[in-house]
Amino acid sequence: METARSTQQAAPGAFAAFARFVLCGGGVGLASSFAVTSLGSWIPWVLANALITAGSTLLSTELHARFTFGAGGRATWRQHAQSAGSAAAAYAVTCMAMLLLQQLVAAPGAVLEQVVYLSASALAGVARFAVLRLVVFARNRSQATATVRPVRATVARAAAPAGPAALCRAA
């Protein structure tokens, strides 16, 4: 006798989810770097970077929803917005790290710049993974909101005082 399958996949463990996160994010990031370079030869690089970043964030959010975190379906608009926010925060971290390097070292070499950038990216990536796993694609939150039932409050009414003298005493 077969048991009915749930439409929702089992959530992967933290290690498996992190490996999938690195695979999906790294794959999309690698493809994005080639796409920005290619598109940047036709339009201004800043515009190419913005377009590819927006597209790659949408794509990676869908991959994370379906594959990385086992959400079992497409990402919602809320998840896309939160994922974009975490990507923007990661971008800010890498920019701040590079600005700090420029302030501390007058003429940093290419190797030092890569070490700082990749270290900041790795730190931001781990933080982004935690945000996506614990907030954006957390199952408890969606299940908890689905099972919350409204509570009806019962108000007991007191008998109205009989006359004006009783009303003055009650006030």
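In this text, all values refer to a predicted model and were calculated from it rather than measured experimentally.

Quick look at the overall build of the protein chain
Here comes step 1: Summing up its helical and strand segments, the protein chain has 6 helices and 0 strands in all.
Here comes step 2: Counted from the first residue to the last, the protein chain has its helices and strands arranged as α-α-α-α-α-α.
Here comes step 3: Within the protein chain, buried positions represent 22% of all 171 residues.

What about the environment of V28?
Here comes step 1: Here V28 shows up in helix α1 (residues 14-40).
Here comes step 2: Overall, the relative accessible area of 11% leaves V28 in the buried class.
Here comes step 3: Excluding its chain neighbours within four sequence positions, the residues that come into contact with V28 are S56, L59, S60 and L63.

Focus on the layout of surface pockets
Here comes step 1: In this structure, the largest pocket spans a volume of roughly 1,300 Å³.
Here comes step 2: Around the largest pocket, the lining comprises 35 residues; the ones closest to its centre are G25, G29, A90, Y117 and S121.
Here comes step 3: With 10 residues, α1 is the single largest residue contributor to the lining of the largest pocket.
Here comes step 4: The class makeup of the residues in the lining of the largest pocket is 20 nonpolar, 14 polar and 1 charged.

Notes on the side chain of T94
Here comes step 1: The topology assignment puts T94 in helix α3 (residues 77-104).
Here comes step 2: What makes T94 buried here is its relative accessible area of 8%.
Here comes step 3: Separated by 2.8 Å, the side chain of T94 and the backbone oxygen of Y91 make a polar contact.
Here comes step 4: Residues within four places of T94 in sequence aside, it is in contact with Y117, A120 and S121.

Concerning helix α4 (residues 110-136)
Here comes step 1: Where α4 is concerned, the buried positions are A120, A124, R128, F129, L132 and V136.
Here comes step 2: Looking at the buried side of α4, the elements it contacts are α1, α2 (45-68) and α3.

Some points on the packing of aromatic side chains
Here comes step 1: Under the criterion given, the structure shown has 5 aromatic pairs.
Here comes step 2: Ring centres of F18 and F129 lie 5.1 Å apart, and the angle between their planes is 85°; this geometry places the pair in the edge-to-face category. Of this pair, F18 sits in helix α1 while F129 sits in helix α4; the two residues are 111 residues apart in sequence, bridging distant segments of the chain.
Here comes step 3: Take F18: its relative accessible area is 30%, and that puts it in the partly exposed class.
Here comes step 4: Through a chain of ring-to-ring contacts, the aromatic side chains of F18, F21, F69, F129 and F137 assemble into a single cluster.

Remarks on the packing of α3 against α4
Packed helix pairs are specified by the crossing angle of their axes together with the interaxial distance, meaning the distance between the axes.
Here comes step 1: As a packed pair, α3 and α4 sit with axes 9 Å apart at the nearest point and diverge in direction by 155°. Comparing the axis directions of α3 and α4 gives the class roughly antiparallel. Between α3 and α4 lies a crossing of right-handed hand.
Here comes step 2: Of the residues assigned to the contact of α3 with α4, the class counts are 15 nonpolar, 7 polar and 3 charged.

Rules of the game
Residues numbered from 1 in each chain as written. Predicted model: local features only at pLDDT ≥ 70, side-chain atom pairs only at ≥ 80, totals over all residues. Heavy atoms only, no water. Helix = DSSP H or I, 4+ residues; strand = E, 2+ residues; numbered from the N terminus. Buried < 20%, exposed > 50% of the residue type's maximum accessible area, 1.4 Å probe, protein only. Contact = heavy atoms within 4.5 Å. 1 Å grid on protein atoms, 1.4 Å probe; cavity = no way out; pocket = protein on both sides within 12 Å on 5 of 7 lines; lining within 4 Å. Points joined across faces, edges and corners; volume = space filled by probe spheres on them. Nonpolar A, V, L, I, M, F, W, Y, C, P; charged D, E, K, R; others polar. Polar contact = N/O pair within 3.5 Å; in protein donor to acceptor, adjacent residues only side chain to side chain. Phe/Tyr/Trp six-rings, centres within 6.5 Å; stacked < 30°, edge-to-face > 60°. Axes fitted to C-alpha atoms, helices over the stretch in contact; angles between N-to-C directions. Parallel < 35°, antiparallel > 145°, perpendicular 65-115°, else oblique. Left-handed = near helix turned anticlockwise from the far one by under 90°.

These figures come from the coordinates and say nothing about function on their own.
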